[in-house]
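If you want the building blocks of each chain, they are given just below.
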Amino acid sequence: MSRFLASRYSGLEAYTPGEQPRDRRYVKLNTNESPFPPSPAVIAAADAEKGALNLYPDPTCLRLKEAAAKTYGELSRALGGGEITPDMVTVGNGSDELLAFAVLAFFTERGAAFPAVGYGFYPVFCSLFGAAYDELPMKGEFEVDLPALADSPRNILLANPNAQTGVYLPLSDIRKLLSANKDRLVLIDEAYCDFGGESAVSLLGEFDNLLVVTTLSKSRQLAGGRIGLAFSGREIVLDLEKIRYSFNPYALDRAAIAAGAAALLDGEYFDMTRTAVIGQRERMKEELLALGFTVSPSSANFVLARHPALSGEKIYEGLKARGVLVRYLGGRLSGYVRITVGSREDTDALLAAARDVCKEAKI
Ligand SMILES: *Cc1c(COP(=O)(O)O)cnc(C)c1O
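Residues numbered from 1 in each chain as written. Predicted model: local features only at pLDDT ≥ 70, side-chain atom pairs only at ≥ 80, totals over all residues. Heavy atoms only, no water.

Here we come to the nonpolar core. The tendency in soluble globular proteins is for nonpolar side chains to be buried as a group. Counting residues in hydrophobic clusters, the biggest one holds 58 residues, and the most contacted among them are Leu64, Leu158, Ile174, Leu210, Leu229 and Phe231. A per-element tally of this core places helix H8 (residues 254–265) first, with eight residues. Other than its neighbours up to four places away in sequence, leucine 229 contacts Leu64, Ala68, Tyr72, Thr90, Val91, Leu98, Val212, Val213, Thr214, Leu216 and Leu264. In terms of nonpolar packing, the next biggest core, distinct from the first, is built from 32 residues, Ala100, Ala102, Ala112 and Leu157 among them. (Core = buried A, V, L, I, M, F, W, Y, C linked by side-chain atoms within 4.5 Å. Buried < 20%, exposed > 50% of the residue type's maximum accessible area, 1.4 Å probe, protein only. Helix = DSSP H or I, 4+ residues; strand = E, 2+ residues; numbered from the N terminus. Contact = heavy atoms within 4.5 Å.)

The positions UniProt marks with the feature "modified residue: N6-(pyridoxal phosphate)lysine" (unreviewed entry) are Lys218. Structurally, the position occupied by lysine 218 is in the loop between strand E7 (210–215) and strand E8 (227–231). For lysine 218, a relative accessible area of 15% translates into the label buried. With near-sequence residues (within four places) excluded, lysine 218 lies in contact with Thr31, Asn32, Ser34, Ala191, Tyr192, Phe195 and Asn301. In terms of polar contacts, lysine 218 uses its side chain to reach the side chain of tyrosine 192, at 3.2 Å. (UniProt positions renumbered as here; feature names shortened; annotations may be inferred. Polar contact = N/O pair within 3.5 Å; in protein donor to acceptor, adjacent residues only side chain to side chain.)

Right, let's get into the sheet that holds E7. Ordered by their spatial adjacency, seven strands build an open sheet running E2-E8-E7-E6-E5-E3-E4, and the pairing between neighbours is mixed. The sheet is open, and its two borders are formed by strand E2 (89–93) and strand E4 (133–136), each paired with just one other strand. Strand-to-strand, the axes of this sheet are offset by a mean angle of 20 degrees, without reference to chain direction. Across four bridges, the pairing between strand E5 (residues 155–159) and strand E6 (residues 186–189) is parallel. If you follow alanine 159 over to E6, its bridge partner there is aspartate 189. (Pairing = 2+ DSSP bridges. Axes fitted to C-alpha atoms, helices over the stretch in contact; angles between N-to-C directions.)

Before going further, it helps to spend a moment on the site of the ligand. The environment of the ligand is made up of 13 residues, and the closest members are Ser95, Tyr192, Thr215, Ser217 and Lys218. Taking aspartate 189, its side chain carries an N or O atom lying 2.7 Å from a nitrogen atom of the ligand. Within the contact set of the ligand, an oxygen atom lies 2.9 Å away from a side-chain nitrogen or oxygen of lysine 218. The fraction of the free accessible surface of the ligand (390 Å²) that becomes covered by protein chains is 93%. Element by element, the count of residues in the shell around the ligand is highest for helix H3 (residues 95–107), at three residues. (Near = heavy atom within 4 Å. Areas by Shrake-Rupley, 256 points an atom, 1.4 Å probe, with all protein chains shown as cover.)

Moving on: the side chain of glutamate 49. Within the secondary structure layout, glutamate 49 lies in the loop between helix H1 (40–47) and helix H2 (62–78). Judged by its relative accessible area of 15%, glutamate 49 is buried. Polar contacts involving the side chain of glutamate 49 include one to the side chain of arginine 254, which spans 3.2 Å. In this structure, glutamate 49 is in contact with Arg63, Arg254, Ala255 and Ala258, ignoring residues within four places of it in sequence.

The full count for this structure, using the stated rule, is 24 salt bridges. When the shortest N-O distance is used, the salt bridge between aspartate 271 and arginine 274 registers 3.0 Å. One end of the pair is aspartate 271 and the other is arginine 274, both in helix H9 (residues 267–290) and three residues apart, which spans about a single turn. What emerges from the salt-bridge pattern is a single network uniting Glu49, Arg63 and Arg254. (Salt bridge = Lys/Arg side-chain N within 4 Å of Asp/Glu carboxyl O.)

Before going further, it helps to examine the packing of aromatic side chains. Within the structure shown, the criterion is met by 13 aromatic pairs. Ring plane angle 65 degrees and centroid distance 5.9 Å describe the contact between tyrosine 15 and tyrosine 119, whose orientation is recorded as edge-to-face. Of this pair, tyrosine 15 sits in the segment before strand E1 (27–29) while tyrosine 119 sits in the loop between strand E3 (112–115) and helix H4 (121–129), and the two are 104 residues apart along the sequence. When its relative accessible area of 25% is taken as the criterion, tyrosine 15 is described as partly exposed. Of the residues examined, tyrosine 119 reaches a relative accessible area of 17% and is grouped as buried. On the basis of an interplanar angle of 10 degrees and a centroid distance of 4.3 Å, the ring pair of tyrosine 15 and phenylalanine 121 is categorised as stacked. Of this pair, tyrosine 15 sits in the segment before E1 while phenylalanine 121 sits in helix H4, and the two are 106 residues apart along the sequence. (Phe/Tyr/Trp six-rings, centres within 6.5 Å; stacked < 30°, edge-to-face > 60°.)

Right, here's the structure in full:
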């Protein structure tokens, strides 16, 4: 720490992203990326922007907002919800940026409540921006304590499906949270919703205290493109836009805007890839259970797993030595590893390595 750092940041504990090692090739199952490349349409759309990199991108990101409104509008109507118009959407450099803006805009006075097992960035954003927060203990191993969340006086930050367990809360539960106190903002982070949940965008017509944030990093092959979306009523969206324009109006580059729009409109590739991931998830769960692991009932593109005879760190190290990289989260989750669901070949490699780790430990 230099002597110039503002004292209020001296105790700040930054978020630790998953490792991106360069020492060898791993079967990379540690950061919940898609195992598939972007679709050909997405690559072509990004390529077409290269010749215009001398010009600033569109600060309104209209093309991306229109694509998001169209795709999520269809999703909303299929779930019985209303239209989504482009003025109900804002965009960010990854959903992490939108979550940061949301904490800054809406959580610094009332504070935040979130489940103790959830996305590791929430407490970091709260600390960075000086928002008070309550981490509510889980009920049992994988269950969010909904009544405690509903009773909290703070605004709510909830990843659904949960960011570490993958457990999905049905929309009826989200509706209860939204109704419990209409004067509190409820932010639902749907980074993993495409792998087995119903999106709360379908509730936007009913509740003006709802903000839904999602990302193109997990289910749309664009973790490297850094594209996040937020959906809400016009007023909340304008508040977020105010913060966005006060910070960096050009946060999304030309290639990202074009690639993001193309990815949102390529429904066929989206369905094909997420169906493949869901299939491998179910296979992975089944086979890990057969090896004696406990596996979270995940609706996401990862599972949280532990083994009664091995620590989380041992599993992580054993798999890494065999070329398979998973996430060891430590802390409250030191018994576990979080394993991203990849392609069929990735699952083959993970299961072979897991069998070998068990064999070596004489399990
Ligand atoms: C991955 C993830 C994000 C961040 O997504 P980016 O768009 O890549 O910044 C946000 N929330 C949750 C719960 C995530 O798992």
